[in-house]
Amino acid sequence: MSAEIAALVDQAGPYLTAALGAYGVGVLARAEDAAVDATANVGRRFLDVVWRRRGEQGRAELEAAVRDAAEEPDDVDAAAALRQQIKRALREDAELLADLAALLPAGQSVSVTASGERSIAAQHITTAVTGDNATLRP
């Protein structure tokens, strides 16, 4: 089950990041916002489900991790602490894995890697013009 937990938390990463960016520290207290993109709303719902399933101490720990990650969005340690709180919740509640997996779009996991000098990477791209003196020709 630990491999499933790790995979789910990895898949949820972009949604959690978007939710923290859109809602900030108040992500656990805010209702879904129509003006916020769908990715952020999935992340907000994800955190809300975890928060509701935790006990008092678990909620306090999750809130602290969310606050740290929201206040320091570039801090990899804060993001890792939030992921650890989610993993702990998943290990302690076997049914939570299925509930959270249902929130994430199926088959949406994408990995794009760029390697090397001047390389580019994109999930969807119409036109990419690269290199010295490169021009786009119709």
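Numbers given to residues run from 1 along each chain, matching the order in which its sequence is written. pLDDT decides what is reported in this predicted model: residues at 70 or higher carry local features, side-chain atom pairs at 80 or more are listed and counted, and totals for whole chains, interfaces and linings draw on all residues regardless. Calculated side-chain values reflect all of the structure's heavy atoms, with hydrogen atoms and water omitted.

1. Topic: the overall build of the chain
Per the secondary structure count, the chain includes 5 helices and 0 strands. The helix and strand sequence of the chain, counted from the amino end, reads α-α-α-α-α. When contacts within the chain are restricted to residue pairs at least 6 apart in sequence, long-range pairs at least 24 apart make up 54% of them. Methods summary: accessible areas were calculated by the Shrake-Rupley approach with a probe of 1.4 Å, and residue burial reflects only the protein chains presented. When the accessible area of the chain is evaluated, it comes to approximately 8800 Å², of which 47% is carbon and sulfur surface. Counting from the N terminus, the helices are DSSP H or I runs at least four residues long and the strands are E runs at least two residues long. Whether two residues are in contact is decided by their heavy atoms, any of which lying within 4.5 Å being enough.

2. Brief notes about the side chain of R54
Take R54: it is sitting in the loop between helix 2 (38–53) and helix 3 (56–71). For each residue, the accessible area found with a 1.4 Å probe, counting protein chains only, is set against the maximum for its type, and the residue is called buried under 20%, exposed over 50%, and partly exposed in between. Look at R54 and you get buried, because its relative accessible area is 12%. Once you skip the residues sitting within four places of it in the chain, R54 turns out to touch R59, E61, R88, A89 and E92.

3. Topic: the pattern of salt bridges
Basic side-chain nitrogens of Lys or Arg form a salt bridge, by our definition, when they fall within 4 Å of a carboxyl oxygen of Asp or Glu. Tallied over the entire structure, the rule returns 4 salt bridges. The partner of D93 in a salt bridge is R53, and the shortest N-O contact between them spans 2.9 Å. Taken as a pair, D93 in the loop between helix 4 (76–92) and helix 5 (94–103) and R53 in helix 2 lie far apart in primary sequence, 40 residues in all. According to the relative accessible area criterion, D93 is buried, its value standing at 18%. For R53, a relative accessible area of 33% translates into the label partly exposed. The residue E92 makes a salt bridge to R54 at a minimum N-O spacing of 2.7 Å. With E92 in helix 4 and R54 in the loop between helix 2 and helix 3, this pair connects stretches of sequence that are 38 residues apart. For E92, a relative accessible area of 56% corresponds to the exposed category. Within the structure, one salt-bridge network assembled from shared partners comprises R53, D93 and D99.

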